[in-house]
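The lines below spell out each chain.
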Amino acid sequence: MNEFAKELKAENADWVSEVKEALGETTITVPREAIVEVCASLKTNHGFDMLADLCGADRGPEEDPRFEVNYHLFSTKHHSRLRLKVILSEDDPHVNTVSGVWKTANWHERETYDLVGVIFDNHPDLRRILLPSDFDGHALRKDYPLRGYEPYSLT
Amino acid sequence: MGLENITEEVEFLDQPLESQMTLSMGPQHPSTHGVLRLDLRLDGELIVKAVPDIGYLHTGMEKLFEYKKYQQGIVITDRMDYLNPLGNNLAYVMAAEKLLELEIPERAQVIRVLMCELQRIASHMVWLGTHCLDIGAMSVFFFCFKEREKILNMIESASGGRLTPSYFRIGGLMMDLPAGFENRVRQFLDNFLDAMNTFETLVTGNTIWQARTKEIGIISGEDAIDYGLTGPCLRGSGVDVDLRRDNPYTGYETYDYDVCVEHDCDVWARFKVRMRECYESHKIVRQALDRLKPGPIKADAPKVVLPDRDDMRKHMDSLIHHFLIVAEGFNVPPGEVYHAIEASKGELGVYMKSNGGPKPERVHFRGPSFVNLQALPVMSEGEMVADVVAIIGSLDIVLGEIDR
């Protein structure tokens, strides 16, 4: 098992629900209640000082749990990468924001909220970023049609 | 179009004696490099608050990937960061190759490095030209675009496209380099250092330029990491990270070059990093040219890589594979990868998730411009309006990639 996953599990066994290693990458599935603590611990104790990317994904309307949020961590010191994954159900797509840990998460979370519809609790400025503020629906959901419901008008 | 910005403006109108004003800069402002809009709260000419507003160029590329086969997605990536299309191609195809676990032959790897470094020089030329134009140096723009034109012509001769080459394919390259390509590159390299000398004389040594860029747009190294800055913006703040060296791909670890780091944390430092990177790219291109040996340019995976035309006419199985790849696509084993490369603007990451079919389930691009732009308020608050233009230029953003 990946050393960071091992250390994390030793720190608090509740923080790690699953560890998967494939194609040279490690994915740690984290319960959504613990994500901020896990991120803060990885940042201060394990040198993951940069959040390279944060993105949401929709597995499809028939899947349960339906949404996942992926956190791609990078260290500017030892240059390793780690993926954290939080799985969310359709009825309750809420997860705590990590923008208090890394400021860069702010826009990534706004983008994920805008396109996938995951709601980040305690986010300082959670509003749409790419689509207009009066846009209806979340465009990257699988049940959102490619061409939209009707032509969008700016007027 | 954030609603709270509009409310702020209304509040301002209610208080006519208020000394602060709100200025909406863009989206048609030429110095915002596309369709970026900035909500600037000004006190005289000082910036109190800057709020970037993006999304004017949103084209739903990430949605489109889910409806296209893997090989059709390459064409979409060209339109993302249109100043560095080969870098986008590389990130995308390498993510798919990682899922497919393909081995790429040596010659294809060398050509990828060669083309990407040429593209990096071309991208930096556009940056230098427009950056100077923003600050008021007109003539540099034309010299830069002259150099870029030579590179675009070479890319066109290899791939057929100037801004949208789609030259890299999953498993290798579209086709081999044309005859005489190496000589053209060598000729370009021989003259490029003279051009760089011209730029150094016109810009680097220019006292007006130094006065406009030094101690402007400061962001410390810790802040830069916290805001996720990558590429020249991060190295301009004294953080020594270059993915070509730290997470090597396509054999970058075997080339001899320096990672350019500057410690001034301002526009001038970012300028110097990019200028020095042009020399380093020049060195890498020369080494790649010396390594070019004849050999295959496509991986040995007949179910993924399109066969040669000649092969197709002679062998039945090649014809069948060709038909199947074009008509139905190829299945990619289920899994997820995140692959990051050092593009000309920073870390270009691709998150790709496959469910086993011929189309990806999710493709997400981590565009360096998107993340770098987020730090603009930190850099510009407390500066003058004219300096915001210099700071945007030093971030080297491309709105096509920010909005996707």
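Quick look at the structure, then.

About the cut-offs
Residues numbered from 1 in each chain as written. Chains lettered and ligands numbered in written order. Predicted model: local features only at pLDDT ≥ 70, side-chain atom pairs only at ≥ 80, totals over all residues. Heavy atoms only, no water. Contact = heavy atoms within 4.5 Å. Buried area = accessible area lost by both parts, 1.4 Å probe. Salt bridge = Lys/Arg side-chain N within 4 Å of Asp/Glu carboxyl O. Polar contact = N/O pair within 3.5 Å; in protein donor to acceptor, adjacent residues only side chain to side chain. Helix = DSSP H or I, 4+ residues; strand = E, 2+ residues; numbered from the N terminus. Nonpolar A, V, L, I, M, F, W, Y, C, P; charged D, E, K, R; others polar. Pairing = 2+ DSSP bridges. Axes fitted to C-alpha atoms, helices over the stretch in contact; angles between N-to-C directions.

**A look at the interface of chain B and chain A**
Okay, step 1: Residue-level contacts link 50 residues of chain B with 45 residues of chain A.
Okay, step 2: For the pair chain B and chain A, the two sides together bury roughly 4,000 Å², of which 55% comes from carbon and sulfur.
Okay, step 3: In terms of surface lost to chain A, no three residues of chain B exceed Lys63, Asp226 and Gln374 of chain B, which account for 16% of the buried area on that side.
Okay, step 4: There are nine salt bridges connecting chain B and chain A.
Okay, step 5: A salt bridge links glutamate 66 of chain B to lysine 142 of chain A, with the shortest nitrogen-to-oxygen separation between them at 3.4 Å.
Okay, step 6: For the interface between chain B and chain A, the tally reads 23 residue pairs in polar contact (both at pLDDT 80 or more).
Okay, step 7: Of all the elements, strand β6 (residues 335–343) of chain B adds the most residues to the side of chain B that touches chain A, at four residues.
Okay, step 8: When its residues are assigned to classes, the side of chain B that touches chain A shows 23 nonpolar, nine polar and 18 charged.

**Some words on the sheet that holds β6 of chain B**
Residues and elements named next belong to chain B.
Okay, step 1: An order of β6-β7-β8 is seen for the three strands of this open sheet, with the pairing classed as antiparallel. Strand pairing shows two members of the sheet lacking a second neighbour, β6 and β8 (362–366), which therefore form its edges. Each neighbouring strand pair of the sheet contributes to a mean axis angle of 10°, computed without reference to strand direction.
Okay, step 2: Two elements, strand β7 (residues 346–354) and β8, share five bridges in a ladder whose sense is antiparallel. Bridge pairing links tyrosine 351 to histidine 364 in β8.

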